[in-house]
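Analysis of the macromolecular model
Each chain is listed here by its residues.
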Amino acid sequence: MRLNKYISETGICSRREADKLIEAGRVTCNGLPAVLGTQVGEADEVRVDGRMVGLRKKQIYIALNKPVGITCTTETHVEGNIIDLVGHQERIFPIGRLDKDSEGLILLTNDGDIVNEILRSENNHEKEYLVTVERAVTDLSLKMMADGVKIMGEITKPCKVSRINEKTFRMILTQGLNRQIRRMCSALGYRVQHLRRVRIINIDLGTLAPGEWRELAEAEVAALLPARRPVPGGEPPRP
């Protein structure tokens, strides 16, 4: 395992910050100054500023119902940041974003490996939303959104769209462009009044109230991770 990843998984800092510590000569491996790219194993002794880095901490996976007004940032100087809302004792970060005016399901973790697996558009992972606009939405508009709408100079990927009532519809996306749903609605002349994410892949929002969070069950984590990786603390996948 690369040294920066090893350090970050202890919860001390991010990989980028670990690289800065290594470059500054503040990290040693088995008593010798470490260099970028150093590979380490469980038997190696890693120290930061002379303090031994212990065993890697348990990997954490959290589902949160983010309320409107909370910002998905790890910058704790930002008022209403998501880290202060959760108040977890370990260093965690959100997987992806929900804009400040939106609410609903967002995942947080200390496992950097899972982030790209979930966010890569080519993996076609589904994210489900309930959307309410300010006036009656036409069947034609719903079909146009499902087929793809031009925003920010590109056509959105086809998605699943179904009507709930006159002004509300369900949308299932497999990509995550910046403020995508709001931009798609705006391109067709609608203004979003309420946007709530209710599912990410196999994880449902369920009965979580705004501001509440829970740790994911082992089976939920297993479905999120690439098949080649074992579930933390569990048995390795069968061939």
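Our structure's up above, just so we're on the same page.
Residues numbered from 1 in each chain as written. Predicted model: local features only at pLDDT ≥ 70, side-chain atom pairs only at ≥ 80, totals over all residues. Heavy atoms only, no water.

1. Comments concerning the overall build of the chain
Cut-off, in case you're wondering: Every helix listed is a DSSP run of H or I at least four residues long, and every strand listed is a run of E at least two residues long, numbered separately from the N terminus. Under the scheme applied here, a residue whose accessible area is under 20% of the maximum for its type counts as buried, over 50% as exposed, and between as partly exposed, the area being computed with a 1.4 Å probe on protein chains only. The contact criterion used is simple: two residues touch if any of their non-hydrogen atoms lie within 4.5 Å. The accessible surface values rely on the Shrake-Rupley method and a 1.4 Å probe; as for residues, cover is taken only from the protein chains in view. Positive charges come from Lys and Arg alone, negative charges from Asp and Glu alone, with His and the N- and C-terminal ends not counted. To locate a charge, take NZ of a lysine, CZ of an arginine, CG of an aspartate or CD of a glutamate.
Looking only at helices and strands, the chain has 7 helices and 15 strands in total. Each principal axis of the C-alpha distribution contributes one length, and for the chain these read about 70 × 45 × 35 Å. Expressed as a percentage of the 239 residues in the chain, the buried residues total 45%. Taking the intrachain contacts of the chain between residues at least 6 apart in sequence as the baseline, contacts between residues at least 24 apart amount to 61%. With an accessible surface of roughly 12,900 Å², the chain has 49% of that area assigned to carbon and sulfur atoms. Separation between the mean location of the 36 positive side-chain charges and that of the 32 negative ones in the chain comes to 4 Å.

2. Thoughts on the packing of aromatic side chains
Put simply, the rule reads: Side-chain rings of Phe, Tyr and Trp (the six-membered ring for Trp) are treated as a pair once their centres are within 6.5 Å; stacked means planes under 30 degrees apart, edge-to-face means over 60, and tilted covers the remaining angles. By definition here, charges over rings are those cases where NZ of Lys or CZ of Arg is within 6 Å of the ring centre and within 35 degrees of the ring normal.
Taken as a whole and judged by the stated rule, the model has 0 aromatic pairs. The ring of Tyr 190 carries the charged tip of Arg 135 above its face, separated from the ring centre by 4.1 Å.

3. Focus: unusual backbone geometry
Despite not being glycine, Asp 49 shows a phi value in the positive range, around 55°. Locating Asp 49 in the fold gives a position in the loop between strand S3 (46-48) and strand S4 (51-52). Even without a glycine there, the phi angle at Met 152 is positive, about 50°. Summarising the element assignment, Met 152 is placed in the loop between strand S9 (150-151) and strand S10 (154-155). A relative accessible area of 44% means that Met 152 is categorised as partly exposed.

4. Quick notes on the nonpolar core
We count it as follows: Only buried Ala, Val, Leu, Ile, Met, Phe, Trp, Tyr and Cys residues count toward a nonpolar core, and they belong to the same one when joined by side-chain atoms within 4.5 Å.
One finds Leu 108, Val 131, Met 145, Phe 169 and Cys 185 to be the most contacted residues of the largest nonpolar core, which totals 31 residues. Those elements that provide at least two residues to this core are strand S5 (61-66), helix H3 (82-86), strand S7 (103-109), strand S8 (127-133), helix H5 (139-147), strand S12 (168-173), helix H6 (180-187) and strand S13 (192-200). Leu 108 has contacts with Ile 60, Tyr 61, Ile 62, Leu 64, Ile 82, Ile 83, Val 86, Ile 92, Phe 93 and Pro 94, leaving out every residue within four places of it along the chain. Of all hydrophobic cores here, the second largest spans 20 residues; its members include Tyr 61, Phe 93, Leu 107 and Val 221.

5. Notes on the pattern of salt bridges
Pairs can form between side chains of opposite charge whenever their charged atoms are close. Our working rule: In the sections that follow, a salt bridge refers to a side-chain nitrogen of Lys or Arg positioned within 4 Å of a carboxyl oxygen of Asp or Glu.
Scanning the model with the defined rule gives 12 salt bridges in all. With a shortest N-O distance of 3.9 Å, Asp 99 and Arg 179 are connected by a salt bridge. One end of the pair, Asp 99, is in the loop between strand S6 (93-95) and S7; the other, Arg 179, is in the loop between S12 and H6, with 80 residues separating them in the sequence. On the basis of relative accessibility, which here comes to 16%, the residue Asp 99 falls in the buried class. Owing to a relative accessible area of 36%, Arg 179 belongs among the partly exposed residues under this scheme. Among the ionic pairs, Lys 143 bridges to Asp 147, the shortest N-O distance being 2.7 Å. Residue Lys 143 and its partner Asp 147 are located together in helix H5, separated by 4 residues, close to a single helical turn. Through salt bridges that share partners, Glu 126, Glu 128, Lys 160, Arg 170 and Arg 199 make up one connected network.

6. Considering H6
Restricting attention to buried positions, one finds in H6 the residues Gln 180, Ile 181, Arg 182, Met 184 and Cys 185. Contact partners of the buried residues in H6: S8, H5, S9, S12 and S13. Of the residues trailing H6, Gly 189 is marked for its positive phi of about 90°.

7. Remarks on the sheet that holds strand S1 (residues 27-29)
Our working rule: A pair of strands is considered paired only if DSSP assigns at least 2 bridges between the two.
Strand order across the open sheet formed by 4 strands is S2-S1-S3-S4, with antiparallel pairing between neighbours. Edge positions in the sheet fall to strand S2 (32-33) and S4, since each has one partner strand and no second. Summarising the sheet, S3 and S4 pair through 2 bridges and their orientation is antiparallel. Bridge pairing in S4 places Val 48 opposite Arg 51.

Any functional reading would require information beyond the geometric quantities listed.
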